[in-house]
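Structure at a glance
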Amino acid sequence: MALKEYKPGTAFPGVIGRTFDQSSPAWPEPNRAKKDAPNVIFIVQDDTGFGQMGCYGSPINTPNIDALAKEGLLFNNMHTTALCSPTRSCILTGRNHHSNAMSCITEGSTGYPGGNGSIPFENGFLSEILLKNGYNTYAVGKWHLTPAEQNSAAGPYDRWPLGRGFERYYGFLGGDTHQYYPELVYDNHQVEPPKTPEEGYHLTPDLTDKAISFIADSKQIAPDKPFFLYFCPGAGHAPHHVPKEWADKYKGKFDEGWDVYREKVFANQKKLGILPKDAVLSGHDPDVQDWNTLSADEKKLYARMMEVFAGFLEHTDYNYGRLFQFLKDIGQWDNTLIMFISDNGASAEGGPTGSVNENKFFNNVPDDLKQNLAAIDDIGGPKYFNHYAWGWTHAGNTPFKRWKRETYRGGVSDPFVVHWPKGIKKTGEVRTQFAHAIDMVPTVLEALGIEPPTVIKGTTQSPIQGNSFAHAFNDGKVKSKHEVQYFEMMGHRSIYHNGWRAVCPWPGTSFTEAGMGFGMPIDAAKLTELDATSWELYDLTKDPTETNNIAKDNRAKLIEMIAQWYVEAGKYNVLPVDSRGTLRLAEERPQIAGPRQSYTYYPGTQVVPGNVAVNVMNRSFSITVDAEVPESGAEGVLYAMGGNDGGLTFYIMDGKLQYAYNYVAAEYFRVTSKENVPAGRHKLRFEFEVKGKPDVAKGKGAPGTAQLYIDGKLVGETEFPYTMPLSMGLGAGASVGCDPGSPAIPDYKPPFEFNGKIYTVTVDVSGDLIQDHEAATKIMMARQ
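The structure displayed is predicted, hence computed values, not measured ones.

1. Here's the deal with the overall build of the protein
- A tally of regular secondary structure across the protein gives 15 helices and 32 strands.
- Taking 2.2 N^0.38 as the reference for a compact globule, 784 residues should give roughly 28 Å; the C-alpha atoms of the protein span a radius of gyration of 28 Å, in line with that estimate.
- Counting only C-alpha atoms, the protein reaches 90 × 85 × 50 Å along its principal axes.
- By residue count, 60% of the 784 residues in the protein fall in the buried class.
- Only carbon and sulfur atoms are counted for the fraction: they give 53% of the accessible area of the protein, which is about 30,100 Å².
- Each charge class in the protein was averaged separately, 76 positive and 92 negative side chains, and the resulting centres sit 4 Å apart.

2. Overview of the sheet that holds strand E6 (residues 136-142)
- The sheet built from 10 strands is open, its strands ordered E9-E8-E7-E6-E10-E3-E11-E12-E4-E13 with mixed pairing. If you trace the sheet from one side to the other, it starts and ends with strand E9 (189-191) and strand E13 (429-431), each paired once. The average angle at which neighbouring strand axes cross in this sheet is 15°, direction not considered.
- Pairing between strand E11 (residues 336-342) and strand E12 (residues 416-419): four bridges, direction antiparallel. What sits directly across from Ile341, in E12, is Phe416.
- Along the sheet, helix H2 (residues 84-93) makes contact with strand E3 (39-45), E6, strand E10 (227-232) and E11, crossing E10 at roughly 170°.
- Docked against the sheet, helix H12 (residues 440-448) engages E3, E11 and E12, running at close to 170° with respect to E11.

3. Here we look at the packing of aromatic side chains
- What the rule picks out here adds up to 55 aromatic pairs.
- Seen from their ring centres, Trp143 and Phe166 are 5.9 Å apart, and the 90° between their planes marks the pair as edge-to-face. Of this pair, Trp143 sits in the loop between E6 and strand E7 (168-172) while Phe166 sits in the loop between E6 and E7, and the two are 23 residues apart along the sequence. With respect to burial, Trp143 and Phe166 carry one shared label: buried.
- Linked through ring pairs, Phe621, Phe650, Tyr659, Tyr661, Tyr663, Phe669, Phe686, Phe688, Phe720 and Tyr722 together constitute an aromatic cluster.
- Positioned over the ring face of Tyr250 is Lys253, at 5.4 Å from the centre of the ring.
- Here the guanidinium or amino end of Arg681 rests over the ring plane of Tyr759, the centre of that ring lying 3.6 Å away.

4. Points about the packing of helix H4 (residues 203-219) against helix H7 (residues 296-329)
- The interhelical angle for the contact between H4 and H7, taken along N-to-C directions, is 15°, at an axis separation of 9 Å. Relative to H7, the element H4 is oriented roughly parallel. For the crossing formed where H4 meets H7, the hand is right-handed. Judged by residue contacts, Thr204, Pro205, Thr208, Asp209, Ile212, Ile215 and Ala216 of H4 engage His315, Thr316, Asn319, Arg322, Leu323, Phe326 and Leu327 from H7.
- Class assignment of the residues belonging to the contact of H4 with H7 gives a composition of seven nonpolar, five polar and two charged.

5. As for the nonpolar core
- Within the largest apolar cluster, 72 residues are counted, with the highest numbers of intra-cluster contacts made by Ile65, Leu229, Trp258, Tyr302, Phe324 and Trp392.
- When residues in this core are grouped by element, the largest group, 14 residues, is from H7.
- Ignoring sequence-local partners within four residues, the contact set of Phe324 consists of Ile43, Asn64, Ile65, Leu68, Trp333 and Ile338.
- Of all hydrophobic cores here, the second largest spans 48 residues; its members include Val44, Ile119, Ile129 and Ile450.

How each quantity is defined
- Residues numbered from 1 in each chain as written.
- Predicted model: local features only at pLDDT ≥ 70, side-chain atom pairs only at ≥ 80, totals over all residues.
- Heavy atoms only, no water.
- Helix = DSSP H or I, 4+ residues; strand = E, 2+ residues; numbered from the N terminus.
- Rg over C-alpha atoms; globule rule 2.2 N^0.38 Å.
- Buried < 20%, exposed > 50% of the residue type's maximum accessible area, 1.4 Å probe, protein only.
- Areas by Shrake-Rupley, 256 points an atom, 1.4 Å probe, with all protein chains shown as cover.
- Lys, Arg positive; Asp, Glu negative; His and termini not counted.
- Charge placed at Lys NZ, Arg CZ, Asp CG, Glu CD.
- Pairing = 2+ DSSP bridges.
- Axes fitted to C-alpha atoms, helices over the stretch in contact; angles between N-to-C directions.
- Contact = heavy atoms within 4.5 Å.
- Phe/Tyr/Trp six-rings, centres within 6.5 Å; stacked < 30°, edge-to-face > 60°.
- Lys NZ or Arg CZ within 6 Å of the ring centre and 35° of its normal.
- Parallel < 35°, antiparallel > 145°, perpendicular 65-115°, else oblique.
- Left-handed = near helix turned anticlockwise from the far one by under 90°.
- Nonpolar A, V, L, I, M, F, W, Y, C, P; charged D, E, K, R; others polar.
- Core = buried A, V, L, I, M, F, W, Y, C linked by side-chain atoms within 4.5 Å.

Now the structure itself:
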């Protein structure tokens, strides 16, 4: 006998008598999805250019995504914002990135409505919509959508994945992470990886395992309940980490260099029908070296960097295949709508020589060819935080010019594949309709027959700003509904309107200044000058690769496009234009806790994320550890911050109190006590006193004197010539009693736990330092 059900909020349809035998029950209707509602998967790959997937003409093997394109649709005119957090906010809300307060990455937020990093609750996530329509919702992998200062155990948690409509989460909250030592969060708490790199751990298989287990957990109980999976591996963002055997598959395959790669991929794209036959390849970028002028050592190094990246992508694709096979095995493949996208173009953050440490980019530290050559055999392994040379970036964005963070098509035109056997019948075709990441949500809602809600969790919703392209699923000739789209990223601007494209590059984006983290100083006069002289104009119907600037001959059209950009800027909170690049990382932001000069940390607690940990950059500070040292002798980490891409560690080794500073993995500065640390309870202290100004432009933070104390007695001293000026890395965090994840220095293996007892660790930035009066007297006497 069927149970009588009713919708919550409506009148009870049963009968309530004086007793049970006189009554008839009715039950609140469970939140069920529509019958045969499809599953939905968004796969968001990181920093992957238009010419880097196999189905887009690349020599990199990506058979599982290639199969999606062959059995589904490949789009050649999809666009993003040119940067990760902004694009991801568009993908999940259907609103523009400035409407989402996400003008930049969360670490680069500014105090304006279009850029404060807090996505408004009136911009509901697809997860929130589908959850209320009977779906399970899972997020796995990179998040990077919570204000950076809210990523700690203090919360608030309302902008974490579980606060924005996802029922389960497993991944990393920041912009990137070590693939062998990731900073993992499971639902709302930190966890350590289940294995070590020595035991075969790598993040991508771990994420895939979790995605499969989340789906299986529900399907074994409610087989007909659909799910939404937001799956975001770390690939192809730096660090380019992959087991050696995957990189070795590509030995010798990139020895001809990036210019030949571009030519071959461009030819393949024409053969595949991705580009029109008369398309012209964009010119060689003036910032990129001519491969033929490089030395043999340079060619060897750069080719290996690309081999590692290629292996990284193929390894990721292999794990997509595992997920896809699981869906086939449980009978869910045909009724799963999959959208695959990259969040922006390929990244040039490795600079001209590539890098074994991407954190150099974030600190404006130029790379060193000798250091990179010395690391060639270990690139791709856990030792380095590597990124390829930007010649491969240029090649990866074939056929377009420029790259991530710029709004030429190389930064904003990205691979996009849609697969849905039950919903797409004209498969294996290329779709040319203009589309943008904000169009994904309205397309899914139309495909599922769901109206956008007017209210979510009591908050009235803003209109969705994207346009559905579901009408193009089975008709390649229909017009795009998306006629106008602005672009702005750190001062670099452009606008699309019905086949026309105008672009205004920001001066300094040639990577001599802006490209390595700076933008030219912004002021109204300069912006006016740029508007008058620097806009370029392209007719994409004839010139899809932006090779022929026709601004001079089409002045009226150009003025119309510039005016349209300002209309869109006013509509979507784009202003003020801010070109400061990585200098934004050093800007102060509101914290959950009030300002203070002393921070007390405790053992047995979660890692404190770098954005809410004490800031010791370019300032005098002290670290005081109240610890019990065992009779058998002490060793282990007392306090650490950062990782193998840059950081600091205060520890005991070989009986000596020691402090080490990792300057972007290029140099290590150390100070060691002259005597052993005695048993018993002691105050172990490190002090750093600034003795000069930072030179941010040259990638050097403040120099200073480093001192070690045991119970107030000076036991070690040295000078540090410089420190990091801006960032210890996107994932840097502070920990007590251990150094989890990638170690700050190579002297020990993580977590190198302290074998005594720590009561508290106090980091003081007030400038109150222990004064060595005896030493001061000696100095004064010597100067008499």
